[in-house]
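# Examining the three-dimensional arrangement
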Amino acid sequence: MTTAFMVDTPAPPVRGRSGAAGARVWWLLAAGWLAQVALRLWLNRYHTMPVANPDETGYLLAARWLAGGAGADLSGSTFYQAGYALLLVPIFWLTSDPALAYRLAVGAGAMAAASAYPAAYVLLRRLRLDRRAALVAAFVAGLSPALLVFSGFALADAILPVVVLAWLTALHDLVAGGAERRRVVAGVVAGGLGAYAMATHLRGTVIVAVCLLVAVALWRRLPRAALIATLASAVAGAVAGDALNAALRAALYPGGPRDLSALLVERLTSVDGQAWALSGAAGQLWYLVTGTWGLAGVGLAGAAALLARRSAPLAPRVLAGALLAATLGIAYASSAALPDEHRVGNFAYGRYLSCVAVAWTLAGLLTLLRARRLAVARCALAAAGLLAVTGGVTAWYAGDRLHRHAFIAFDFPEVIFLTRTFDALDLVTASLSALALLACLTAAALLARPATATPAGRPATAVVGVLALIHLAFIAHLAPSPPAAGPDWLPAPAPPGRVAVEAGVRWNVWVPLSYRVWWTGIERFHGTTPPEGICTAVVQEDAGPPPEGWTVTGARHGWATWSRC
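Definitions and limits used
- Residues numbered from 1 in each chain as written.
- Predicted model: local features only at pLDDT ≥ 70, side-chain atom pairs only at ≥ 80, totals over all residues.
- Heavy atoms only, no water.
- Helix = DSSP H or I, 4+ residues; strand = E, 2+ residues; numbered from the N terminus.
- Rg over C-alpha atoms; globule rule 2.2 N^0.38 Å.
- Buried < 20%, exposed > 50% of the residue type's maximum accessible area, 1.4 Å probe, protein only.
- Areas by Shrake-Rupley, 256 points an atom, 1.4 Å probe, with all protein chains shown as cover.
- Lys, Arg positive; Asp, Glu negative; His and termini not counted.
- Charge placed at Lys NZ, Arg CZ, Asp CG, Glu CD.
- Disulfide = S-S within 2.5 Å.

### Points about the overall build of the protein chain
Counting secondary structure elements, the protein chain contains 22 helices and five strands. Taken against the 2.2 N^0.38 rule, which gives 24 Å for 565 residues, the C-alpha radius of gyration of the protein chain at 25 Å falls within 12% of a compact globule. Among the 565 residues that make up the protein chain, the fraction classed as buried is 54%. Accessible area for the protein chain stands at about 23100 Å²; split by element, carbon and sulfur atoms hold 65% of it. Looking at charge distribution, the protein chain has the averaged site of its 42 positive side-chain charges lying 20 Å from that of its 27 negative ones.

### Remarks on the state of the cysteines
Applying the stated criterion across every chain, the model contains one disulfide. Cys-535 shares a disulfide with Cys-565; S-S distance 2.1 Å. Of this pair, Cys-535 sits in strand S3 (residues 534–539) while Cys-565 sits in the segment after strand S5 (559–563), placing them 30 residues apart in sequence. Exposure remark for Cys-535: the relative accessible area of 7% places this residue in the buried category. For Cys-565, a relative accessible area of 68% corresponds to the exposed category.

### Here we look at unusual backbone geometry
For the bond from Asn-53 to Pro-54, the omega torsion is 10°, close enough to zero to count as cis. Its place among the elements puts Pro-54 in the loop between helix H1 (19–43) and helix H2 (55–66). A cis amide bond links Pro-495 to the next residue, Pro-496, at an omega of 5°. In this fold, Pro-496 is placed in the loop between helix H21 (457–478) and strand S1 (498–502). Here the phi dihedral of Arg-128 falls at roughly 70°; this positive angle occurs in a residue that is not glycine. Tracing the sequence through the fold places Arg-128 in the loop between helix H5 (116–126) and helix H6 (131–141). Judged by relative accessible area, which is 30%, Arg-128 ranks as partly exposed. Of note, the phi angle at His-342 is positive, near 55°, even though the residue is not glycine. The residue His-342 is located in the loop between helix H15 (314–336) and helix H16 (354–370) in this model.

The following block contains the structure:
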């Protein structure tokens, strides 16, 4: 995870924590967490209903059903797993109002994402960064785009970065030595978090696989009880998560979710499929480096160098290898399973690796703070090379599709910040801007320390200060404006009657409507005659006049509503 042990001289020892100093730290962590929550609530103050559909609606409907509320029929849609939805269940115990429930879900996401600050602090302390530097670095890393953008939506991406940080900390405690009981507990936590990630998103399958590989690879070095605890926790958690997801799948996807297994097999077994998967993985790595202002590239270079040093301590080498394997595995697997949706995000996409972006940001910071001048320069050059190579592969494979296919601004928040282009991917400008920011960070690291001194407070202040300025600029870029007033674009059935949607109505109408209609599950029908007992029917705009006894009660682009209640 870190190149802290790349330096020729050992890191300065961590001072023992006095009771007063320890109490002060926890107060600072609590205050910092509250500040980060408040910032996110301010940034997301105009988020009143789901907009990232069908993803947000899929998770919210899962949470509502798990809480005992109305379900929906999402057959044929992507399957949204239960792990994240479980955290939202108490919200639907408190209220059935969709708008209030969504605002509470956004608040829960803000609290979860802000928890990356204390989680990052604990991990940095495990990696022997001194207390003051760890507090400041963790706070600024907690303002990373991956933790700000997605915390404002009801998405699993709001919690996965924190899960990854906690998982890495547990892995460190598992392999770092110490009391057997502590290592057993760490094994339970590491395996359990991997299984929870697996129950939350398919990316978690890679995380739990890496966790199991680490445990098996180190079986001679781990106490038997810790090894068994890790394996048992991961397997039991995976089985429980699979059972929960099976129940959710049967309830909300009675006709089956969208099946991409045939596509995945084709991608894995054909030359063209491998070209798609590998180029897509390169595009994700390009976005990871670009969206962290080059720091992820520095961290990747440092991790590779650390893995090559057999004399380095075991724990940081294991973290470096585990994080690297998880990153490459997620990038390749998610790209291989991604259908061609004729959007630019098929070729360069940041969301799937957002779960590891903060961890790599910390790795890059540690490299800049702890390595010697020559090592810092080499890692920065390697990061620039990685960005150039992955960007070149992406541009070469995608070709003019980067300009012909649909550009969805939601897919490119960091790139838009770097380029100020809101309707297209300017890959060259984004790359050059990221390299310029990386140059500033590297210069701060090199100029703030003497050539022969071990890194101390000055480089931490300089590097983290530069990163803080970048993040403040990004926060200003995200600052919201009041939304324009206008009529609601969705149908508005009245409770408590049954609601049915004709099969030809587009998904961007009936999927979010499934969440708006809180009192009953929406039914689907074919033809122009709604089923018996239906109170409100949503049909295509050009469906013609309603059957006898029905009245047109609303119409907008793409839909019309009939009612007989």
